[in-house]
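# Fold and contact review
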Amino acid sequence: MSDDPGELAEQVSAVLRHLVLLLRRTTAGQPVTSQQYSVLGSLERGPRRMTELAEEHAVQLPTMTVQINRLEDAGLVARGSDPADARVRTVELTDEGRRRLLAVRQARIGHLSQELAALSAQERAALRDALPVLAKLGKTQ
């Protein structure tokens, strides 16, 4: 295997794409898209400003507004106001949104657990050892 960062980036990108598709299959056919589940996950720790959500998900504010409108229509999020500035609109999970997010997370973890169980103990250990490096990649900007 090459130590070239460009080649490694290509390989990491291909593997991550495959893993994302694997996890998305667990929610295929549901009325909420994987992108919308990602937005629900962003709301898990509490209310967020629309502008923060748009920035986090790398979309324009009108695109995020459409996603939030759909999630609100489905009863998964509710809008509110920022206590520090009443002009600012926030979004938060409803109880149903939190329940649905947990169900999807459990389904994904269950599916991934089955895939991991098919690996050897040595392969699982190698993956476990790689997790800190992958987490570090995810935190760089």
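Scroll up a little and you will see the structure.
Residues numbered from 1 in each chain as written. Predicted model: local features only at pLDDT ≥ 70, side-chain atom pairs only at ≥ 80, totals over all residues. Heavy atoms only, no water.

### Focus on the sheet that holds strand S2 (residues 77-82)
The antiparallel open sheet is built from three strands, whose spatial order is S1-S3-S2. Two strands in the sheet have a free side with no partner beyond their single neighbour: strand S1 (48-49) and S2. (Pairing = 2+ DSSP bridges. Helix = DSSP H or I, 4+ residues; strand = E, 2+ residues; numbered from the N terminus.)

### Focus on the packing of helix H2 (residues 34-42) against helix H4 (residues 61-73)
Relative orientation of the contacting elements H2 and H4 amounts to 85°, with a least axis distance of 11 Å. Of the possible angle classes, the one that applies to H2 and H4 is roughly perpendicular. Facing Gln-36, Val-39 and Leu-40 of H2, the residues of H4 in contact are Met-64, Gln-67, Ile-68, Arg-70 and Leu-71. (Axes fitted to C-alpha atoms, helices over the stretch in contact; angles between N-to-C directions. Parallel < 35°, antiparallel > 145°, perpendicular 65-115°, else oblique. Contact = heavy atoms within 4.5 Å.)

### Quick notes on H4
Residue pairs spaced three or four apart in an α-helix point in one direction, given the helix's 3.6 residues per turn. The terminal C-alpha atoms of H4 lie 18 Å apart, and with 13 residues this matches the ideal 18 Å at 1.5 Å per residue to within 8%. When we look at burial in H4, the residues that qualify are Met-64, Gln-67, Ile-68 and Leu-71. Down the axis, H4 shows its buried residues gathered within 95° of arc, on one side only. Facing away from the buried side of H4 by more than 90 degrees, the exposed set consists of Pro-62 and Asp-73. Residues of H4 that are buried in the fold lie against H2, helix H3 (50-56), S2 and strand S3 (85-93). (Expected span 1.5 Å × (residues − 1). Buried < 20%, exposed > 50% of the residue type's maximum accessible area, 1.4 Å probe, protein only. Arc of directions from axis to C-beta.)

### What about the pairing of S3?
For S1 and S3, the ladder comprises two bridges, and the chain directions are antiparallel. Within S3, the position partnered with Arg-49 by the bridge is Thr-90. Connecting S2 to the next strand, S3, in antiparallel fashion are two residues.

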